[in-house]
Amino acid sequence: MYSSSLAYAIQQDKEDALAPLREAFHIPKTKEGKEWLYFTGNSLGLQPKLTEKYIQQELNDWANYGVEGHFEGDTPWLPYHEFLTEKMAAIVGAKPLEVVVMNTLTTNLHLLMVSFYQPTKKKFKIVIESDAFPSDRYAVESQLRFHGFDPEEGLVEWRPRAGEELLRIEDLESIMQEQGDEIALLLIGGVNYYTGQYLNLKAIADIGHQHGCMVGIDLAHGAGNISPELHESGVDFAAWCTYKYLNSGPGSLAGLFVHERHAHNRDLPRFSGWWNHNKATRFNMRQPFDVMPGAEGWQLSNPPILSMAAIRASLEVFDQVGMAALREKSEKLTGYFEYLINQIDTDRIKIITPSDPRQRGCQLSIQVKDADKSLHNALMEHHVITDWREPDVIRCAPVPLYNSFQDVYHMVEILRKLL
Ligand SMILES: *Cc1c(COP(=O)(O)O)cnc(C)c1O
């Protein structure tokens, strides 16, 4: 169904109902004023043009109202995070009660583990993927140590088989059959940052729950990319950042999901601050702590409004399109990208991302034979921004919100010439 001609790419862009969305983003330019071919929306999403307006609005409110900005203006700061909840919940397939925007990703993982990693002497191990993102690994190791366990013993790695790159669900089942009695928590990247593999969250949740474990998902590479249907999947909790596919700016705040089944459990251990205390009496100041139901019950502090303004702008763009339409274009665009790469007559590169669209998002990870960073650097010299990951992978993500079929065509033409 795909074709390798430039005419095909031009035609696809013409027929693409989402193509005009590119205009809603700032596309970075080279010193010579030429647009970069930007394939790193998986690392830092591009800036929506709306962002400046929304941040400016809060700067104006601060200038005009001072502290009264908490109550005044179109978007008062006191309930500001609530303006984000519904749209964020729609992106990850959750109920509004289950989602809140707060803190940053690794912080949220820790706060969630305070509640959902309750080890006993016998049941204390944590399962992660063998190539989990370093921050997740460090977080989990430190949780094990914090509870008095040795990570050497307590950390269980779900790894690809020898000679393979991808994870198999049967291997997780085997781990659980062998060590399930000792495992307390599964903390898995829903879309692996390195291979781009999108795992079956429902299958992982079921396997974990069968063995009496809690199941948490890191959705850093999933949110805004795939449709994880978090509520339906049944996972206990999840967290994700907003600066990758969610285009909310460097270091911006993160999302947090706690499944409805835990929403009203006041007995869960958790850390607290005034922001997870009952809104109705928060400012009475002398009230005993009264935890809020749902995901809001994990907040600690009053949040940074300027960062939330950027998230509000970005979510508005997502809301205009909806994940279903985005995902449809994404599958097509990524399939086209894969098709073109496979047309290159070379044995120097290999795509390690699954070819089944249900098992990937928009990222393709290209493994380079006998790699050093030179191919990646050469791409940069030809104004293609991709992302190099040691030891040998170039990660590229054609993002359906702002990448075009012609971007993909030109990128692969450059790659072909370099090879
Ligand atoms: C990007 C990413 C992080 C980054 O963590 P921060 O706390 O936002 O710095 C962590 N985990 C995964 C899986 C990521 O992809």
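Reading the values: the criteria
- Residues numbered from 1 in each chain as written.
- Predicted model: local features only at pLDDT ≥ 70, side-chain atom pairs only at ≥ 80, totals over all residues.
- Heavy atoms only, no water.
- Core = buried A, V, L, I, M, F, W, Y, C linked by side-chain atoms within 4.5 Å.
- Buried < 20%, exposed > 50% of the residue type's maximum accessible area, 1.4 Å probe, protein only.
- Helix = DSSP H or I, 4+ residues; strand = E, 2+ residues; numbered from the N terminus.
- Domains from an automatic or database assignment.
- Contact = heavy atoms within 4.5 Å.
- Pairing = 2+ DSSP bridges.
- Axes fitted to C-alpha atoms, helices over the stretch in contact; angles between N-to-C directions.
- Buried area = accessible area lost by both parts, 1.4 Å probe.
- Salt bridge = Lys/Arg side-chain N within 4 Å of Asp/Glu carboxyl O.
- Polar contact = N/O pair within 3.5 Å; in protein donor to acceptor, adjacent residues only side chain to side chain.
- Nonpolar A, V, L, I, M, F, W, Y, C, P; charged D, E, K, R; others polar.
- Near = heavy atom within 4 Å.
- Areas by Shrake-Rupley, 256 points an atom, 1.4 Å probe, with all protein chains shown as cover.
- Parallel < 35°, antiparallel > 145°, perpendicular 65-115°, else oblique.
- Left-handed = near helix turned anticlockwise from the far one by under 90°.

**Regarding the nonpolar core**
Burial of nonpolar side chains together is a common tendency in soluble globular proteins.
Part 1 of the argument: In terms of nonpolar packing, the biggest core is built from 66 residues, with V92, V127, W158, L186, L230, W240 and L401 touching the most fellow members.
Part 2 of the argument: The dominant element in this core, judged by the number of residues it contributes, is helix α10 (residues 305–321), at nine residues.
Part 3 of the argument: Both domain 1 (6–48 + 322–418) and domain 2 (81–302) contribute no fewer than three residues apiece to this core.
Part 4 of the argument: When near neighbours in sequence (up to four residues on either side) are disregarded, L186 contacts V127, L172, M176, I204, G208, C213, M214, V215 and G216.

**As for the sheet that holds strand β12 (residues 387–389)**
Part 1 of the argument: One open sheet holds the four strands; their spatial order is β9-β10-β13-β12, and the pairing between them is antiparallel. Of all the strands in the sheet, the pair left with one neighbour each is β9 (349–351) and β12. Here the strands of the sheet are splayed against their neighbours by 30° on average, with no regard to which way each runs.
Part 2 of the argument: As paired elements, strand β10 (residues 364–368) and strand β13 (residues 393–396) share four bridges and run antiparallel to each other. In the strand pairing of β13, S365 is matched with R395.
Part 3 of the argument: Across the sheet, helix α12 (residues 374–381) lies against β9, β10, β12 and β13, angled at about 35° from β13, the strand it touches most.

**Considering the domain arrangement of the protein**
Part 1 of the argument: When cut into domains, the protein gives domain 1 (6–48 + 322–418) and domain 2 (81–302).
Part 2 of the argument: Using only C-alpha atoms to locate each centre, domain 1 and domain 2 end up separated by 29 Å.
Part 3 of the argument: Residue-level contacts link 31 residues of domain 1 with 22 residues of domain 2.
Part 4 of the argument: Surface buried jointly by domain 1 and domain 2 totals about 2000 Å² across both partners, of which 53% is contributed by carbon and sulfur atoms.
Part 5 of the argument: Our enumeration of links across domain 1 and domain 2 arrives at zero salt bridges.
Part 6 of the argument: Taken together, the links from domain 1 to domain 2 amount to 12 residue pairs in polar contact (both at pLDDT 80 or more).
Part 7 of the argument: A breakdown of the residues in the side of domain 1 that touches domain 2 according to their chemical character gives 14 nonpolar, 10 polar and seven charged.

**Observations concerning the pattern of salt bridges**
Part 1 of the argument: With the rule as written, the count across this model stands at 25 salt bridges.
Part 2 of the argument: Between R168 and E170 there is a salt bridge, and its shortest N-O distance comes to 3.6 Å.
Part 3 of the argument: Looking at E170, the relative accessible area reads 37%, which means it is partly exposed.
Part 4 of the argument: For D206, the salt bridge is made with K202, and the minimal N-O distance between the two is 3.3 Å. With D206 and K202 both in helix α8 (residues 201–210), this residue pair falls four residues apart, about one helical turn.
Part 5 of the argument: Look at K202 and you get partly exposed, because its relative accessible area is 43%.
Part 6 of the argument: Residues joined by salt bridges that share partners form a network here, namely R161, E164, R168, E170 and D171.

**Quick notes on the sheet that holds strand β3 (residues 125–129)**
Part 1 of the argument: Ordered in space as β2-β8-β7-β6-β5-β3-β4, the seven strands form an open sheet in which the pairing is mixed. Strand pairing shows two members of the sheet lacking a second neighbour, β2 (99–102) and β4 (155–158), which therefore form its edges. When the angles between neighbouring strand axes are averaged without regard to direction, this sheet yields 20°.
Part 2 of the argument: Pairing analysis gives three bridges linking β3 to strand β5 (residues 183–189), with the strands arranged parallel. For I126, the partnering residue across the bridge sits in β5 and is L185.
Part 3 of the argument: Packing of helix α4 (residues 105–116) onto the sheet brings it into contact with β2, β5, β6 (214–218), β7 (237–241) and β8 (254–258), and relative to β7 it is tilted by some 170°.

**What about unusual backbone geometry?**
Part 1 of the argument: Note that the residue after E390, namely P391, is joined by a cis bond; omega there is 5°.
Part 2 of the argument: Position of P391 relative to the elements: it lies in the loop between β12 and β13.

**Remarks on the site of the ligand**
Part 1 of the argument: In the region of the ligand, the neighbouring residues are L105, T106, F133, D136, D218, A220, H221, Y243 and K244.
Part 2 of the argument: Separating a nitrogen atom of the ligand from a side-chain N or O atom of D136 is a distance of 2.6 Å.
Part 3 of the argument: Coverage of the ligand by the protein amounts to 83% of the 390 Å² it exposes when considered alone.
Part 4 of the argument: Residue composition of the shell around the ligand, by class: four nonpolar, two polar and three charged.

**Section: the packing of α4 against helix α5 (residues 134–146)**
Part 1 of the argument: Interhelical geometry of α4 versus α5 gives an angle of 30° and a closest axis separation of 10 Å. Accordingly, the angle class assigned to the pair α4 and α5 is roughly parallel. Two packed elements cross with a definite hand, and for α4 against α5 that hand is right-handed. Residues T106, L109, H110 and M113 of α4 touch α5, and the partners they reach there are S135, D136, A139, V140, S142 and Q143.
Part 2 of the argument: Of the residues in the contact of α4 with α5, the class split is four nonpolar, five polar and one charged.

**Brief notes about the pairing of β7**
Where a strand is regular, its side chains alternate between the two sheet faces.
Part 1 of the argument: Burial analysis of β7 places five of its five residues in the buried class, the great majority of the element.
Part 2 of the argument: Neither face of β7 is left uncovered, since the one carrying F237, A239 and C241 and the one carrying A238 and W240 both have all their residues buried.
Part 3 of the argument: Both β6 and β7 contribute to a ladder of three bridges, which runs parallel. Pairing of I217 across the sheet is with A238, part of β7.
Part 4 of the argument: Bridge count for β7 against β8 is five bridges, and the pairing is antiparallel. The partner of A239 across the bridge, within β8, is L256.

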